[in-house]
Amino acid sequence: APAKCTLGTYGEEKGIKLDLKLIADIGLVSFPNAKKSTLMNKLTINKVKIAAYPFTTLYPNIGLIEFKDDYSRAFLADIPGIIKDAHLNKGLGISFLKHIERTNILLYVLDVSALDPIEDLKILKSELKNYNEDILEKPSIVLLNKIDLADAEIIKNIKDRVDSNNIIEISAKEELNLDSLTTQ
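Described in the following lines is the structure provided in the data block. (Residues numbered from 1 in each chain as written. Predicted model: local features only at pLDDT ≥ 70, side-chain atom pairs only at ≥ 80, totals over all residues. Heavy atoms only, no water.)

Some details on the nonpolar core
Note the cut-off: Nine residue types can take part in a nonpolar core, namely buried Ala, Val, Leu, Ile, Met, Phe, Trp, Tyr and Cys, and a core is a set of them joined through side-chain atoms within 4.5 Å. Each residue's exposure class comes from its accessible area (1.4 Å probe, protein chains only) as a fraction of the maximum for that residue type: buried when under 20%, exposed when over 50%, partly exposed otherwise. Note on contacts: a residue pair qualifies if any of its non-hydrogen atoms lie within 4.5 Å across the two residues.
Membership of the largest hydrophobic core comes to 27 residues, with the highest contact counts inside it found for Val29, Ile82, Ile100, Tyr108 and Leu128. If we ignore the near neighbours within four places in the chain, the residues touching Tyr108 are Val29, Leu121, Leu124, Lys125, Leu128, Leu136, Ser140, Ile141, Val142 and Leu143. In terms of nonpolar packing, the next biggest core, distinct from the first, is built from 20 residues, Phe67, Val109, Ile168 and Leu178 among them.

In structure tokens:
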């Protein structure tokens, strides 16, 4: 007996845009040249590009960090530097702000040798809020980086003005106080 078949119909054609958001436990957030990549290289086995010009990091980098107190591990995301109006797609823009959504903890890396690190922190938080205000609800730590380039009075002044209970002074380049990051 011959098999019966039905004629098929023409298929549909659709364009689909997939948006990949990296998943990491900890996200590094800062302006360009705050030395996030240097910090990444010191804390993880990953070796990412480091240079003395802004926007060296063009793509998010993920590294594995091991905590010394209990040997647990976490993924650390080095997000390209954020600038004022990044939420309006300036600089590297919103294409990288989306990766911060998938992190559990934010590490704000402030350059204490910058003109106004407190204003930098306000701008970073404002950009995150303008992109997605839920991001600001994540636990965070403020890292005062490049302490080797600033005197104690400048650092004290910054700490007095930062609106955070979790502040750690570090120098990624000189490896000062990095143990405090891997034992928490």
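Still more ground to cover, so stick around.
What to know about the side chain of Thr182
Worth spelling out the cut-off: Runs of E in the DSSP output that reach at least two residues are strands. Runs of H or I that reach at least four are helices, and both are numbered from the N terminus.
Relative to the helices and strands, Thr182 resides in helix α5 (residues 179–182). Contact partners of Thr182, with chain neighbours within four places excluded, come to Leu43, Ile65, Glu66, Phe67, Lys68 and Asp69.

Notes on the sheet that holds strand β4 (residues 105–111)
Basically, it comes down to this: Whether two strands pair depends on DSSP finding at least two bridges between them. Note on method: axes are straight lines fitted to C-alpha atoms, helices fitted across the in-contact stretch only, with angles between N-to-C directions ranging 0 to 180 degrees.
Read from one edge of the open sheet, six strands run β2-β3-β1-β4-β5-β6, paired in mixed fashion. The open sheet is flanked by β2 (61–66) and β6 (167–169), the only strands paired with a single partner. Each neighbouring strand pair of the sheet contributes to a mean axis angle of 25 degrees, computed without reference to strand direction. Two strands pair when backbone bridges link them, and β2 and strand β3 (residues 73–78) are joined in this way by six bridges, in the antiparallel orientation. Each residue of the ladder has a partner; that of Leu64, found in β3, is Phe75.

Some points on helix α1 (residues 36–43)
Counted residue by residue, α1 has seven buried out of eight residues, so it is predominantly covered. Of all the positions in α1, only Lys36, Ser37, Thr38, Leu39, Met40, Asn41 and Leu43 are classed as buried. In the core, the buried residues of α1 are packed alongside β1 (26–29), β2, β3, β4, β5 (140–145) and α5.

Topic: the pairing of β5
Worth spelling out the cut-off: Here a crossover is taken to be right-handed if, once the strands point away from the viewer, the path from the first strand over the helix to the second is traced clockwise.
The buried fraction of β5 is high, at five of six residues. Relative to β5, β4 runs parallel, the two sharing six bridges. Paired with Leu110 across the strands is Leu144, a residue of β5. As for the winding sense of the linkage, the β-α-β connection from β4 through helix α3 (residues 117–132) to β5 is right-handed. Sheet topology note: the β5/β6 ladder contains three bridges and is parallel. Bridge pairing in β6 links Leu144 to Glu169.

Everything listed is a geometric property; what it means functionally is a separate question.
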